[in-house]
Amino acid sequence: QVQLVESGGGLVQSGGSLRLSCAYSKSVFVFDVMAWYRQAPGKQRELVATLPSRGNANYPDSVKGRFTVSRDNAVNTLYLQMNSLKPEDTGVYYCYVKIGMTLVTSEQHYWGQGTQVTVSS
């Protein structure tokens, strides 16, 4: 089991910044993928940042250049730095990790409980 606990959400004005944190309970070396998703009211959950175990971070065009995903292995925490926030960035933000299939376990997916981000115009 992996525990994911997000924090850092809140209310911010358009153009402002927030940094979200996701504390995870296992060594980062077991994760194939770490990511942030968000879900706005009445909409499907969408990917906003991916950090693979190997390779570079990826972002959709909607947040590219404004959001940055990173991790600090020393404190087992994944971050999402969000700058130049817009009202359309409003939603519940979720931390996600995937552990790949092994000889004895199937692929595993874990989600945090979510943290609300509200951007006022």
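Given the structure is predicted, the values throughout are model-derived calculations rather than measurements.

Rules behind the numbers
- Residues numbered from 1 in each chain as written.
- Predicted model: local features only at pLDDT ≥ 70, side-chain atom pairs only at ≥ 80, totals over all residues.
- Heavy atoms only, no water.
- Helix = DSSP H or I, 4+ residues; strand = E, 2+ residues; numbered from the N terminus.
- Contact = heavy atoms within 4.5 Å.
- Pairing = 2+ DSSP bridges.
- Axes fitted to C-alpha atoms, helices over the stretch in contact; angles between N-to-C directions.
- Buried < 20%, exposed > 50% of the residue type's maximum accessible area, 1.4 Å probe, protein only.
- Salt bridge = Lys/Arg side-chain N within 4 Å of Asp/Glu carboxyl O.

J.: Mind showing me how you'd approach the environment of Gly 100 here?
T.: Along the chain, Gly 100 falls in the loop between strand S8 (91–99) and strand S9 (108–111). Excluding anything up to four places from it in sequence, Gly 100 contacts Asp 32, Ser 106 and Glu 107.

J.: Would you mind showing me how to read the sheet that holds strand S7 (residues 77–82) here?
T.: By definition, the strands of a sheet pair up through backbone hydrogen bonds, in either a parallel or an antiparallel sense. Spatial ordering of the open sheet is given by S1-S3-S7-S6, a layout of four strands whose pairing is antiparallel. Since the sheet does not close on itself, it has two edges, and those belong to strand S1 (4–7) and strand S6 (67–72), each with one partner. On average, each strand axis in the sheet is tilted by 15° relative to the strand beside it, whichever way the strands run. Both S1 and strand S3 (residues 18–24) contribute to a ladder of four bridges, which runs antiparallel. Within the sheet, the bridge partner assigned to Glu 6 lies in S3 and is Cys 22.

J.: What am I meant to see in the side chain of Thr 50 here?
T.: Summarising the element assignment, Thr 50 is placed in strand S5 (residues 46–52). Contact partners of Thr 50, with chain neighbours within four places excluded, come to Val 33, Met 34, Ala 35, Asn 56, Ala 57, Asn 58 and Val 69.

J.: Explanation requested: the pairing of strand S4 (residues 33–39) in the structure shown.
T.: Across a regular strand the side chains alternate sides, sitting on one face of the sheet and then on the other. Of all seven residues that make up S4, five are buried, and the element is covered over most of its length. Between the end of S4 and the start of S5, which pair antiparallel, lie six residues, with Gly 42 showing a positive phi angle near 75°. Here seven bridges tie S4 to S8, and the two strands are oriented antiparallel to one another. Within S8, the residue paired with Met 34 across the bridge is Val 97.

J.: What is the right way to look at the pattern of salt bridges in this model?
T.: Here the idea is simple: oppositely charged side chains can pair when their charged atoms come close. Evaluation of the coordinates by the stated rule reveals five salt bridges. A salt bridge links Glu 46 to Arg 38; the nearest nitrogen and oxygen atoms lie 2.7 Å apart. On the accessibility criterion, Glu 46 (34% relative accessible area) is partly exposed. Judged by its relative accessible area of 5%, Arg 38 falls in the buried class. In this structure, the salt-bridge partner of Asp 61 is Lys 64, at a minimum N-O distance of 3.4 Å. By the burial criterion, Asp 61 is exposed, and Lys 64 matches it.

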